[in-house]
Amino acid sequence: MSESNSNCLIFAGPTLMDGTAVAALKRERIIVLPPVKRGDVEKLISEREPGAMAIVDGLFQQCLSVGHAEIRSAVAAGWQVWGLSSMGAIRAYEMRNMGVRGYGRVYQCFSQYADFRDDEVALVHEPHPPYRPLTEPLVHIRFWLKELRKIGLINRREEKRLLDTQMTVWFGDRTLVRARSSVLDLIPNEVEKVDETLASFDRFRVKCHDLNDFLQERPWLSSRQEQ
């Protein structure tokens, strides 16, 4: 890997809502590309020498999603391909035996939870930078419900019931307002405690935390040194 390609090129959009990640990107002089769509990886590897790329966010409704074939071509061409947080975590798990490297808690959810589905990472966001999220991914709500059980507001059976309810909702309609309403329908006398957890909801936004950790740890550099 040449010096010019020693840093990682990252396909990201709404997961960059966290200011910590933006600061890290500037500090590391990492090139940020828009959320990936079909053909973007193919175009990238045709224009640059092999380096490291990370797929974080991707488009899939308004266009074809990033293809497995183009990712395989990138790996075959000598690229380090990482997947995390959102579309990247999906592709990394699907291609974990094909040279794509997964990272973070969202990626681990695919093997940790038998009921974890692709649409848990999906959200609706603004079409242009900074791609502000307009809905809440179910994976964040999953971690919030886990916390409600941990602090004793709900039991395991109720946690599953609430999660199952959210799973029936189209990802474009998933919001914290809707999730809060479902919880309070079950435990109406715990409004104050539920709202306390929502006041610090950023801690459950694991998609953003995975990206922050990835930028802090820079695993693509240690992997390069091992090669």
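A brief report on the enclosed structure follows.

What counts and what doesn't
- Residues numbered from 1 in each chain as written.
- Predicted model: local features only at pLDDT ≥ 70, side-chain atom pairs only at ≥ 80, totals over all residues.
- Heavy atoms only, no water.
- Salt bridge = Lys/Arg side-chain N within 4 Å of Asp/Glu carboxyl O.
- Helix = DSSP H or I, 4+ residues; strand = E, 2+ residues; numbered from the N terminus.
- Buried < 20%, exposed > 50% of the residue type's maximum accessible area, 1.4 Å probe, protein only.
- Pairing = 2+ DSSP bridges.
- Axes fitted to C-alpha atoms, helices over the stretch in contact; angles between N-to-C directions.
- Contact = heavy atoms within 4.5 Å.
- Core = buried A, V, L, I, M, F, W, Y, C linked by side-chain atoms within 4.5 Å.
- Polar contact = N/O pair within 3.5 Å; in protein donor to acceptor, adjacent residues only side chain to side chain.
- Phe/Tyr/Trp six-rings, centres within 6.5 Å; stacked < 30°, edge-to-face > 60°.

**Quick notes on the pattern of salt bridges**
Under the defined criterion, the tally for this structure stands at 16 salt bridges. The salt bridge involving arginine 105 is made with aspartate 213; its shortest N-O contact spans 3.4 Å. One end of the pair, arginine 105, is in helix α5 (residues 104–112); the other, aspartate 213, is in helix α10 (residues 206–217), with 108 residues separating them in the sequence. Residue class for arginine 105 comes out partly exposed when judged on its relative accessible area of 32%. Overall, the relative accessible area of 30% leaves aspartate 213 in the partly exposed class. Residues joined in a network through salt bridges with shared partners are Arg105, Asp210 and Asp213.

**Some thoughts on the sheet that holds strand β5 (residues 101–103)**
Strands pair in a sheet through their backbones, by hydrogen bonds, and they do so in one of two ways: parallel or antiparallel. The 5 strands are arranged β2-β1-β3-β4-β5 in an open sheet whose pairing can be described as parallel. Of all strands in the sheet, those with a lone pairing partner are β2 (31–33) and β5, marking the two edges. Sheet twist, expressed as the average angle between the axes of neighbouring strands with direction ignored, equals 25 degrees. With 3 bridges joining them, strand β4 (residues 80–84) and β5 adopt parallel strand pairing. Of the residues in β5, the one forming a bridge with leucine 84 is tyrosine 103. Packed onto the sheet, helix α4 (residues 87–94) meets β3 (52–55), β4 and β5 and runs at close to 120 degrees relative to β4.

**A closer look at the nonpolar core**
If you look at the biggest cluster of nonpolar residues, it comprises 47 residues, and the most contacted ones within it are Val41, Met53 and Trp144. At 7 residues, helix α6 (residues 138–150) tops the list of elements feeding residues into this core. Excluding anything up to four places from it in sequence, tryptophan 144 contacts Ala179, Arg180, Val183, Val194, Thr197, Leu198, Phe201 and Phe204.

**Here we look at α4**
For α4, the buried fraction is high: 6 of the 8 residues fall into the buried class. Turning to α4, the residues buried within the fold contact β3, α3 (68–76), β4, β5 and α5.

**Here we look at the side chain of serine 86**
Take serine 86: it is sitting in the loop between β4 and α4. A distance of 3.1 Å separates polar atoms of two side chains, one belonging to serine 86 and the other to lysine 207. Setting aside residues up to four positions removed in sequence, serine 86 forms contacts with Thr15, Val56, Asp57, Val121 and Lys207.

**Remarks on the packing of aromatic side chains**
Evaluated as defined, the whole model comprises 10 aromatic pairs. Ring geometry for tyrosine 103 versus phenylalanine 214: centroids 5.3 Å apart, planes at 75 degrees, classification edge-to-face. A residue pair is termed long-range when its members are at least 10 positions apart, and tyrosine 103 in strand β5 and phenylalanine 214 in helix α10 qualify at 111 residues. For tyrosine 103, a relative accessible area of 12% gives the class buried. For phenylalanine 214, a relative accessible area of 0% puts it in the buried group. Ring geometry for phenylalanine 201 against phenylalanine 204: centres 5.5 Å apart, planes inclined by 65 degrees, an arrangement best described as edge-to-face. Given a relative accessible area of 2%, phenylalanine 201 falls into the buried group.

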